Amino acid sequence: MEYLRSARRRWWIVLGIPLLAVAGTAAVGLAAAQRYTATAYVAAPALPLTGTQAVNQFVAGFSAAVTAPVVIDGVSKETGVPAGTLRDGLAVEQVGASSQLTVTYTTTKRDTVAPVLREATKRALTFLFSSQVTIASGQVDAAQSDVDAATKAITVWETANRVSQPDKQYQATLNEMASLRQQLLSMQAVGNQTGARAAQAAIDAAQRRLDELGPKLPDYQALVLARDAATGTLSRARETLQAARAQQAAADPEKVATIGAVGPVSRGKDLLRTLPAAAGAGLLLAVLLVMGLEWRAARRR
């Protein structure tokens, strides 16, 4: 109650300081240089975004790409606007829950608004999707190297063992033996001993080939399995690269980014946002000052 009575006695402080804060803020706002703004709309409906988190990942990735050092530095070099000014003036927002985005740039130099928005959206989209193509291309190159190495290992093995495709030779010899056994039975059934002996000799020769190829098959089949696995990885890597290139084509800045008209920022809107904060800060300062004066007066008494 004593503080309230003191506030009534010092009403000019409680009222005057907030008024001074509001007046000072308004004077600074009105004296500040006119600012200009424009908005770029990024809408890429052709992007193959699938999955529950795909849209959010695209929005987060694009928002991060706009302020990425490589993008900011490129825009600064192209437009001549300092990097710090670009970071302070650029803002990205998602349109509802869709994959559409707005990129807004605000500055005191009107002639730089449209160039900055054009470069920022182009470089952000290029950085976002070109990096995926680069990564996918690296995966394809690595998978191709694995396939080449596996194929070379098979060639070296075949040269060292003086045999080509032993698995196919083994299977062909098995089929040949089955046919020879049928011939042997037919010859024996009709009493053709000469033909039976010839068929048996052929069977024995085929068995020797099987005995020679059999021990070599496990090592060869292991090499073939390694090559098949590398080939499967290469196929998947190529599919990923194809999808990344499709996304890059669908995110062509010339097709998905539209820049709106450049216009002045309303000083009234800026003041409506800043004046209540200034008044609140002034009122707080006035209350603290009244409390300090009352505490000092109480100590004297």
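Before any of the text, the structure's been laid out above.
Residues numbered from 1 in each chain as written. Predicted model: local features only at pLDDT ≥ 70, side-chain atom pairs only at ≥ 80, totals over all residues. Heavy atoms only, no water.

Enquirer: Let's hear about the packing of aromatic side chains: which residues, and what values?
Expert: Within this structure, the stated rule accounts for one aromatic pair. Here the aromatic rings of W157 and Y220 are separated by 5.1 Å at their centres, their planes lie at 50°, and the arrangement is tilted. Placement of the pair is W157 in helix α6 (residues 113-161) and Y220 in helix α9 (residues 217-250), with a sequence separation of 63 residues. With respect to burial, W157 and Y220 carry one shared label: buried. (Phe/Tyr/Trp six-rings, centres within 6.5 Å; stacked < 30°, edge-to-face > 60°. Helix = DSSP H or I, 4+ residues; strand = E, 2+ residues; numbered from the N terminus. Buried < 20%, exposed > 50% of the residue type's maximum accessible area, 1.4 Å probe, protein only.)

Enquirer: How would you summarise the environment of A91 if you had to cite specific residues and measurements?
Expert: Inspection of the secondary structure assignment puts A91 in strand β2 (residues 90-94). For A91, a relative accessible area of 38% gives the class partly exposed. Along the chain, A91 and T102 lie eleven residues apart, while their C-alpha atoms are 8.1 Å from each other. Once you skip the residues sitting within four places of it in the chain, A91 turns out to touch T102, V103 and T104. (Contact = heavy atoms within 4.5 Å.)

Enquirer: Lay out the packing of α6 against α9 with the relevant residues and their values.
Expert: Across the interface, α6 lies against α9 with an axial gap of 8 Å and an inter-helix angle of 160°. With respect to α9, the element α6 is oriented roughly antiparallel. Of the two possible hands of crossing, α6 and α9 adopt the one that is left-handed. For the contact of α6 with α9, a count of residues per class yields 19 nonpolar, eleven polar and six charged. (Axes fitted to C-alpha atoms, helices over the stretch in contact; angles between N-to-C directions. Parallel < 35°, antiparallel > 145°, perpendicular 65-115°, else oblique. Left-handed = near helix turned anticlockwise from the far one by under 90°. Nonpolar A, V, L, I, M, F, W, Y, C, P; charged D, E, K, R; others polar.)

Enquirer: Please give an account of the nonpolar core that cites residues and values.
Expert: The nonpolar side chains of a soluble globular protein tend to be buried with one another. Counting 30 residues, the largest nonpolar core has F62, L86, L90, Y105 and L117 as the members making the most contacts within it. Among the secondary structure elements, those contributing two or more residues to this core are β1 (36-42), α3 (54-66), α4 (69-79), α5 (83-89), β3 (101-107) and α6. Of all the elements, α6 adds the most residues to this core, at eight residues. Not counting residues within four places of it along the chain, the set of residues in contact with L90 comprises V66, I72, V103, T104, Y105, V116, L117 and A120. Counting ten residues, the second-largest nonpolar core is a separate cluster that includes A136, L234, L241 and A244. (Core = buried A, V, L, I, M, F, W, Y, C linked by side-chain atoms within 4.5 Å.)

Any link to function would need more than the numbers given here.
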